Amino acid sequence: MSFPRYPEYSDSGLGWLGAVPKHWQVKPLKFVASVQTGIAKGKDNAGKNTIEVSYLRVANVQDGYLALDDVSRIEIPEELLGRYSLRVGDVLMNEGGDFDKLGRGHIWNGEIEPCIHQNHVFAVRPNKISSAWLNTITGSGYAQFYFMTRAKQSTNLASISSTNIMELPIVVPPEDEQRAILQFLHTETTKIDHLMAEQEKLIALLKEKRQVAIAHAVTKGLDPTVPMKDSGVEWLGEVPAHWQLTRVKHLTNNFDQGWSPQCESYPVASEDEWGVLKVGCVNGGIFNPEENKSLPAELDPLPELGIRKGDLLISRANTRELVGSAAVALRDYPNLLLCDKLYRLRLGDAVTSTEFVAYYLSTSQARGQIELSASGASSSMLNISQATILEMAIALPADEEQGEIVAFIESEQSKLNALIAEAQHAIDLLKERRTALISAAVTGQIDVRGLVKKEQEQAA
C-alpha cells in the first residue's frame, strides 16, 4: 500500500533525518521534556531515617513493555523519595545494554506506588509534547540511529549519557497531527502485531510437532506394530519389547567435567589458537563451536580437554530451561577445551549413534527428570549432578535401528525447520515493515491525516 506525502517539505538541517513537513518543528528533547536520573546503589545510609521502596532496574524496562514480575526493593533516605520517584507519564529509557536495545523503554503508568529507578534508567518527563508521542519517537528507527551514533560502545554493549539523550532532535507536528499519527500507527501496528502473533503461534505448533516426533521415535520406535513392554520407569512408560532397558552410566566409558580459566571475551580466530567452550555451545541441541572464549597466551592449555568427534556434551549449569541441554560434536575440535559448566560423555560400543542419546535427553520425559533434579540458589543458574545424567533410565534399540531412528528424526526436522524458517522470515519482514512505517509516519514522510479522517467518518 502506498501513502500520500505532504505538499511541502523543508530541510531539517540533519542529514540523517532529511526533510520534514514544512509546518513541523524539530527541537532538541531538552526543550520539550526534562530528564530525571536515578539513584545509585551502595550509598551509605548510616544515621539517616530510611524507608524501603520498589526499585526499577534495567531488566524491568523492556522495548515496548515493562517486566514487573521481579521488582527489587531498596532502602533509601526518606527525604530522597520525592527526588527519585516515578510519575505517571514518565517515558522510561535505558542508559545502556545490547546495541539493538539502547534507549529502549516504555511509559510509566503508576503500576507500583511509590517506585523509584536506578541510575541506569532515565525517566524522561515531557512537558510540551505527549508521553505517547515521545515514546513513539524514541522507539523509532531515526531515534535509534541517533542513540547509536552518540553512544559509548564496548565489545557487546553500548551506553548513552543523559546529556546526549536531551540533545535528541524531536520532530514536533501540531498537536492534532500528533494525535492523528498516533491513531494511525495504533491501527496499523495492531494489524501487523496480529499477523506476527499468528506466525509465532505457527512456529510454536511446529516446534511442538518436532518435539513430539523426536520423543516418539526415541521412546517408541518407528514401527507401530512391534510388541511393547513396560519399562518399569513411570515417566518412560512402555517401550518396544526388543529394546534394551539400561541406564546412561552403563553406556558410558568416560565422563568428564571441564575447566574454566579466566578467558578473553572474544572467540578464537583460527584452529591454531586455544579456546574454552561456553556453556551455550549446546543450546538448541546443535553443537556450536563458535560459542567459545580465547585462552590467554600466558595460560597453558589442557589438551586432554579437547573435543573429539562423537563427544556428547551436556550443560551442567544453566537456566532451568537450558540446563541439561545436549549436543554431539560432529568432528574433532582439538583446540577447543571443555569448560567447567559442561559434561563430556564418551559412550561405549553399545551406542553406535551418539545422536540417539542426545535426542533422548531432549525429550519432555528426560527433560522433566533433569529439571526435577536441578538445584541452585538462583533460578538463573541451576546445576545438575553427574548422577542425574548417569542414573538416567534409557531404552536402547540395536545398532541398525539407532541409525534408522536418527535418520528419520533428521529428515523430519529438516522439513519442520524449513517451515519454521519460513514463518520466522515472515515475522522478520513484518517487523521491518512495522519499523519502517513508524519511522515514516513520525518523520512526516507519509501524510496519514486523510486516512485517519476517512476511518473516523466510516466508524461514525
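Residues numbered from 1 in each chain as written. Predicted model: local features only at pLDDT ≥ 70, side-chain atom pairs only at ≥ 80, totals over all residues. Heavy atoms only, no water.

Chemist: Hey, could you run me through the packing of aromatic side chains in this one?
Modeler: Between two aromatic rings, the relevant description is the distance of the centres plus the angle of the planes. Throughout the structure, instances matching the rule amount to 10 aromatic pairs. Measuring from centroid to centroid gives 6.0 Å for Tyr146 and Phe147, while their planes differ by 70°, and the two rings are edge-to-face. Side by side, Tyr146 and Phe147 carry an identical accessibility label, which is buried. Through a chain of ring-to-ring contacts, the aromatic side chains of Trp16, Tyr142, Phe145, Tyr146 and Phe147 assemble into a single cluster. (Phe/Tyr/Trp six-rings, centres within 6.5 Å; stacked < 30°, edge-to-face > 60°. Buried < 20%, exposed > 50% of the residue type's maximum accessible area, 1.4 Å probe, protein only.)

Chemist: Is there a simple way to think about the state of the cysteines in this case?
Modeler: Per the counting criterion, the structure on display carries zero disulfides. We note that Cys339 lacks a disulfide partner, and the nearest cysteine sulfur, in Cys281, lies 6.6 Å from it. (Disulfide = S-S within 2.5 Å.)

Chemist: How should the pairing of strand β16 (residues 169-172) be read in this particular structure?
Modeler: Of the two faces of β16, the one carrying Pro169 and Val171 and the one carrying Ile170 and Val172 are both buried. Both strand β3 (residues 25-28) and β16 contribute to a ladder of four bridges, which runs antiparallel. Its bridge partner being in β16, Lys27 is matched across the sheet by Ile170. (Helix = DSSP H or I, 4+ residues; strand = E, 2+ residues; numbered from the N terminus. Pairing = 2+ DSSP bridges.)

Chemist: Honestly, the nonpolar core in this entry has me stumped. Any pointers?
Modeler: When a protein is soluble and globular, its nonpolar side chains tend to lie buried together. The biggest cluster of nonpolar side chains holds 53 residues, and the ones touching the most others in it are Leu29, Val124, Phe147, Ile165 and Ile170. The element that contributes the greatest number of residues to this core is helix α9 (residues 399-442), accounting for 10 residues. When sequence neighbours within four positions are dropped, the list of residues in contact with Ile165 reads Leu29, Met93, Phe122, Val124, Phe147 and Ile160. By size, the runner-up hydrophobic cluster in this structure holds 40 residues, among which are Phe255, Leu312, Val351 and Ala374. (Core = buried A, V, L, I, M, F, W, Y, C linked by side-chain atoms within 4.5 Å. Contact = heavy atoms within 4.5 Å.)

Chemist: What is the right way to read the sheet that holds strand β26 (residues 326-328) from this model?
Modeler: Each strand in a sheet pairs with its neighbour through backbone hydrogen bonds, running either in the same direction (parallel) or in the opposite one (antiparallel). With antiparallel pairing, the four strands of this open sheet are ordered in space as β20-β28-β24-β26. Of all the strands in the sheet, the pair left with one neighbour each is β20 (252-257) and β26. The mean inter-strand angle of the sheet, taken between neighbouring strand axes irrespective of direction, is 20°. In the sheet, β20 pairs with strand β28 (residues 342-347) via five bridges, with the strands oriented antiparallel. The partner of Phe255 across the bridge, within β28, is Leu345. (Axes fitted to C-alpha atoms, helices over the stretch in contact; angles between N-to-C directions.)

Chemist: It is not clear to me how the sheet that holds strand β5 (residues 50-56) should be interpreted in this structure. Could you clarify?
Modeler: Pairing is mixed in the open sheet, where three strands are placed in the order β8-β5-β12. Every other strand in the sheet has two partners, leaving β8 (72-77) and β12 (115-117) as the edge strands with one partner each. Each neighbouring strand pair of the sheet contributes to a mean axis angle of 55°, computed without reference to strand direction.

Chemist: Help me understand helix α2 (residues 131-138) in this model?
Modeler: Since the α-helix advances by 3.6 residues per turn, residues separated by three or four positions end up pointing in the same direction. For α2, the buried fraction is high: seven of the eight residues fall into the buried class. Among the residues of α2, Ser131, Trp133, Leu134, Asn135, Thr136, Ile137 and Thr138 are the ones counted as buried.

Chemist: Whenever I open this one, helix α5 (residues 175-220) confuses me. Can you help?
Modeler: End to end, α5 covers 65 Å across 46 residues, agreeing with the expected 68 Å (1.5 Å per residue, within 8%). Downstream of α5 by one or two residues, Gly221 has phi in the positive range, about 85°. (Expected span 1.5 Å × (residues − 1).)

Chemist: Could you clarify how one ought to interpret unusual backbone geometry in this entry?
Modeler: Only a minority of non-glycine residues have a phi that is not negative, and only a minority of peptide bonds are not trans. Each neighbour pair has its own omega, and for Glu113 with Pro114 the value is -10°, a cis peptide bond. Its place among the elements puts Pro114 in the loop between β11 (105-107) and β12.

Geometric descriptors of this kind do not, in isolation, establish any biological role.
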